[in-house]
Amino acid sequence: MALPAVTSPAVTSPAVTSPAVTSPAVTLLIADDDEVTRSGLRILLAAQPGITVVGEAADGVEAVERAQSLRPDVVLMDVRMPRRNGIEATRQLLAEAADPPKVVVITTFENDGYVTAALSAGASGFVLKRLPVRRIAEAVRVAAAGEAVLFPAALGRMVAARPLGSAEALPRAALTGREEEVLRLMATGLSNPEIAESLTVSLETVKTHVGNVLAKLGAQNRTHAVVIAYESGLVVPGFAG
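Keep in mind it's a predicted model, so treat the numbers as computed, not measured.

**Student:** Please clarify how helix α8 (residues 192-199) should be interpreted in this entry.
**Tutor:** Note that an α-helix has 3.6 residues per turn; residues three or four places apart therefore point the same way. By the burial criterion, the buried members of α8 are N192, I195, A196 and L199. Mapping the buried residues of α8 onto a view down its axis gives an arc of 100 degrees, with all of them on the same face. Turning to α8, the residues buried within the fold contact α7 (177-187), α9 (203-217) and α10 (222-232). Just downstream of α8 lies T200, where phi reads positive at about 55 degrees.

**Student:** Would you mind showing me how to read the environment of G55 here?
**Tutor:** Its location among the elements puts G55 in strand β2 (residues 51-57). Looking at G55, the relative accessible area reads 1%, which means it is buried. Expressed as a C-alpha distance, the spacing of G55 and L70, which sit 15 residues apart in the sequence, is 7.7 Å. Beyond its immediate chain neighbours, meaning those up to four positions away, G55 contacts L28, L29, I30, R42, R66 and L70.

**Student:** Please clarify how the sheet that holds β2 should be interpreted in this entry.
**Tutor:** The strands making up a sheet associate through hydrogen bonds between their backbones, and the pairing can be parallel or antiparallel. Spatially, β2-β1-β3-β4-β5 is the arrangement adopted by the five strands of the open sheet, whose pairing is parallel. If you trace the sheet from one side to the other, it starts and ends with β2 and β5 (125-128), each paired once. Across the sheet, the mean angle from the axis of one strand to that of its neighbour is 25 degrees, orientation sign disregarded. Strand direction decides the pairing type here: strand β3 (residues 74-78) and strand β4 (residues 102-107), joined by five bridges, are parallel. The residue bridging D78 from the neighbouring strand is I106, located in β4. Packed on one face of the sheet, helix α5 (residues 133-144) meets β1 (26-31), β2, β3, β4 and β5 and runs near 155 degrees to β4.

About the criteria used
- Residues numbered from 1 in each chain as written.
- Predicted model: local features only at pLDDT ≥ 70, side-chain atom pairs only at ≥ 80, totals over all residues.
- Heavy atoms only, no water.
- Buried < 20%, exposed > 50% of the residue type's maximum accessible area, 1.4 Å probe, protein only.
- Helix = DSSP H or I, 4+ residues; strand = E, 2+ residues; numbered from the N terminus.
- Arc of directions from axis to C-beta.
- Contact = heavy atoms within 4.5 Å.
- Pairing = 2+ DSSP bridges.
- Axes fitted to C-alpha atoms, helices over the stretch in contact; angles between N-to-C directions.

What follows is the structure, given as structure tokens:
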């Protein structure tokens, strides 16, 4: 399992605007069953500004236990781990913790079918292991700030590869036309300020629409809402706004 390089060829980056690094630093737990990968990520991410690595976990059971004891802001969660995979670990963490951490899934392949399941379980987004470490660090900071970490094109390909009938139905009649429009823009990776600019409305109006979308879809977060949008067919792979 290859380590993320400090520099690498250009790849798709998370379609979000990273918040400025502020104090105190974001605390991070790294969960990966490969010791070399886990140690490498710890060394590389600990050297990034605004991030403090507080612990490691070698499987899903340990990830839940260490997250509950260390209370990190973010868990960087591999999905394919022994004892308990990252999907179940994510679901348990978000269900049991009073103030759960954000979970960012980290994977080798952007067509990994486990990733969409993890996003549906409540993960805030995903990153690829081949990304430069600065991009992974950016994703950690973005998730800690409550934003989604999305690769819209890759997410669309993953959802499109899932069997028909596995999707959650989108209650389209429950969404207003404007709410569907906002959801489509969310699926392209736009942040709330960018959606506001695109629709020529206020930021508060966008926040209200996003909140309504999440509530009506029963989505854990905006990432989960985007998964539902793709799976329902409201947004199709290749959609660009």
